[in-house]
Amino acid sequence: MKFRAARTRRARIAPLLAWLAICAAPASAAPAACPTLSAPSNRASDTRFARIDAAVRGGVGTLYPGAVLLVTDRGRIVHRAAFGHAQTLTTAPDGTPHPLATPRAMSVDTLFDMASVTKIEATTAAILHLMGTRRLSLDDRLGALLPEFRGTDKADITVRQLLTHRAGLWEWQPTWLHRDASGEILPYLAALPLRYPVGSRFAYSDLGFMLLGAVVERVAGMKLDRYVRERLYRPLGMTDTGFLPSSTLRRRAAATSQGDAYQRRMAETGKPYPAAPFPPAQPFASYRNHMLVGEANDANAALGWRGVAGHAGLFSTATDLARYAQALLNGGCHGRWRLAPASTIAAFEQTPFDADQALGFHKTQLPGIAAPFYGHSGFTGTWFAFSPQLDMTVVLLTNRVHRPDGEPYPALDTLREAVLRDAVATVLDNRNKEKTWR
């Protein structure tokens, strides 16, 4: 009887042991057939994307100082080009901007401040990975994940609602004005009253992804920057991606804005987002006034979260971002490594509440193009979109905020749509030609 009971217990725990073995297995345990992103062919003169190049080049000097464009097709980089300059301005010690004697040229490996693309390339990626290893679920609630939120009006907010901007949170607040004595921000976010009833409406919120970044840290048991660097970017080969770039990487970074002046005005004027009535703000005298290069442009990330936040602060290159997108196109795998099961990736591409908002990802459905694209944009001028149905990715990274303070930041929506449309047309035309040649 003892032997039979022991055998029964072993039978019961066998599936659990098998799952733990999978989770703890080295990268070689994943399917070998999963493709990795291949480098572009070194064509001396590739005119296939000439129309897209002309459109991006046409924005240099007006929409942005420079840009990097990248297109992938079925796991291959089929086009990659750089335009204009990574930096044209610097600042004197008193903060006065002036032109560089020799503007720094943009290159295909220029490092960009990804701004809100951080929400996808870092935080959503980490959530996917934690769900893939069954340490987190979409129905987990904030009060159970973060002790600071137990018993608050935000305790029942789910991970799903945070990912889809349906949590009822404020869109934006100057968190750097509300740090506690130890410099932490979570107590302020826990005390901040809700802006809308939970689940009642879509309200794009930086605060929601700040909380998701904190959730990643509590569940993973390590800081967000370390988790994504060690658990995600290293196996993906994203060697140039991370928070708080080194001095070597900073020298390759595209410049952004002249200090924190823009977001300081947001905090002082309550425009475009009103200041919450409670708790009261604290005095602050450490605003940056120099031209930002390799430092997080987002004031909440830089001044409130010490450069590492779930909503902004990540730095990356067009190629590294395309590597991450390729893992998503592959259904969550890259070579012998897996980000998450294909079913989890597919679930994140659903739009449970709003037609253009998937879980983390923004969904784009252009008239005339049957296949949807998923991706995100960033305040600094970054953007990417990928289509599982078409098996392609388009990346357009710019430094549109690199201009003297007070100059308006141009919108890039029209250009992005034109680039996406032309990229789809060019890729599909190339595929048809390949079939004809065969």
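Every value quoted in this text rests on a predicted model; they were computed, and no experiment measured them.

For the rest of this paragraph, the subject is unusual backbone geometry. With an omega dihedral of 5 degrees, the bond running from Lys 271 to Pro 272 counts as a cis peptide bond. In this structure, Pro 272 sits in the loop between α10 (261-269) and β7 (291-293). The omega angle of the peptide bond from Phe 278 to Pro 279 is -5 degrees, so this bond is cis rather than trans. Summarising the element assignment, Pro 279 is placed in the loop between α10 and β7. Residue His 165 is not a glycine yet carries a positive backbone phi of 60 degrees. The residue His 165 is located in the loop between α5 (159-163) and α6 (186-191) in this model. Positive phi values are uncommon outside glycine, yet Asp 391 reaches one of about 55 degrees. Relative to the assigned elements, Asp 391 resides in the loop between β13 (382-387) and β14 (392-398).

Turning to the pairing of β14, a few remarks are in order. Sheet faces and side chains relate simply in a regular strand, where the side chains alternate between the two faces. Buried residues dominate β14, accounting for 7 of its 7 residues. Because side chains alternate across β14, one face comprises the buried residues Met 392, Val 394, Leu 396 and Thr 398, and the other comprises Thr 393, Val 395 and Leu 397, equally buried. In terms of strand pairing, strand β1 (residues 66-73) meets β14 through 7 bridges, oriented antiparallel. Paired with Asp 73 across the bridge in β14 is Met 392. Where β13 meets β14, 6 bridges bridge the pair, whose relative direction is antiparallel. The residue bridging Trp 383 from the neighbouring strand is Leu 396, located in β14. Between β13 and β14, which pair antiparallel one after the other, the connecting turn spans 4 residues, and Asp 391 there sits at a positive phi close to 55 degrees.

What follows is about the pattern of salt bridges. This model, assessed by the stated rule, comprises 27 salt bridges. The salt bridge involving Asp 354 is made with Arg 166; its shortest N-O contact spans 2.9 Å. Here Arg 166 lies in the loop between α5 and α6 and Asp 354 lies in the loop between α13 (342-348) and β11 (362-364), a separation of 188 residues in the sequence. Accessibility classification places Asp 354 together with Arg 166 in one group, the buried group. Arg 403 is paired through a salt bridge with Glu 407; the nearest N and O atoms lie 3.5 Å apart. When salt bridges with common partners are traced through the structure, they connect Asp 73, Arg 74, Arg 76, Arg 431 and Glu 434 into a single cluster.

Our next topic: empty space enclosed by the protein. By the definition in use, this model includes 5 cavities of 30 Å³ or more. Estimated volume of the largest cavity: approximately 50 Å³. Considering the residues around the largest cavity, the lining is formed by Lys 154, Leu 169, Trp 170, Leu 189, Leu 192, Pro 193, Leu 194, Leu 207 and Leu 211. Taken together, the residues of the lining of the largest cavity sort by class into 8 nonpolar, no polar and 1 charged. Counted as a void, the second largest cavity has a volume near 40 Å³. Taken together, Gln 161, Leu 162, His 165, Arg 166, Ala 167, Gly 168, Leu 169, Ala 203, Ser 205 and Gly 208 make up the lining of the second largest cavity. Within the lining of the second largest cavity, the residues separate by chemical class into 4 nonpolar, 5 polar and 1 charged.

Our next topic: the nonpolar core. Of all hydrophobic cores here, the largest spans 84 residues; its most connected members are Ile 127, Leu 163, Leu 189, Tyr 324, Leu 339, Phe 348 and Phe 361. Element by element, the count of residues in this core is highest for helix α7 (residues 206-220), at 9 residues. Those residues within four positions of Phe 348 in sequence are excluded, and the remaining contacts are Thr 124, Ile 127, Leu 128, Met 131, Leu 138, Leu 163, Ala 358, Leu 359 and Phe 361. Membership of the second largest hydrophobic core comes to 27 residues, among which are Ala 67, Ala 81, Val 394 and Leu 396.

Criteria and thresholds
- Residues numbered from 1 in each chain as written.
- Predicted model: local features only at pLDDT ≥ 70, side-chain atom pairs only at ≥ 80, totals over all residues.
- Heavy atoms only, no water.
- Helix = DSSP H or I, 4+ residues; strand = E, 2+ residues; numbered from the N terminus.
- Buried < 20%, exposed > 50% of the residue type's maximum accessible area, 1.4 Å probe, protein only.
- Pairing = 2+ DSSP bridges.
- Salt bridge = Lys/Arg side-chain N within 4 Å of Asp/Glu carboxyl O.
- 1 Å grid on protein atoms, 1.4 Å probe; cavity = no way out; pocket = protein on both sides within 12 Å on 5 of 7 lines; lining within 4 Å.
- Points joined across faces, edges and corners; volume = space filled by probe spheres on them.
- Nonpolar A, V, L, I, M, F, W, Y, C, P; charged D, E, K, R; others polar.
- Core = buried A, V, L, I, M, F, W, Y, C linked by side-chain atoms within 4.5 Å.
- Contact = heavy atoms within 4.5 Å.

All we've got here are geometric facts, nothing functional implied.
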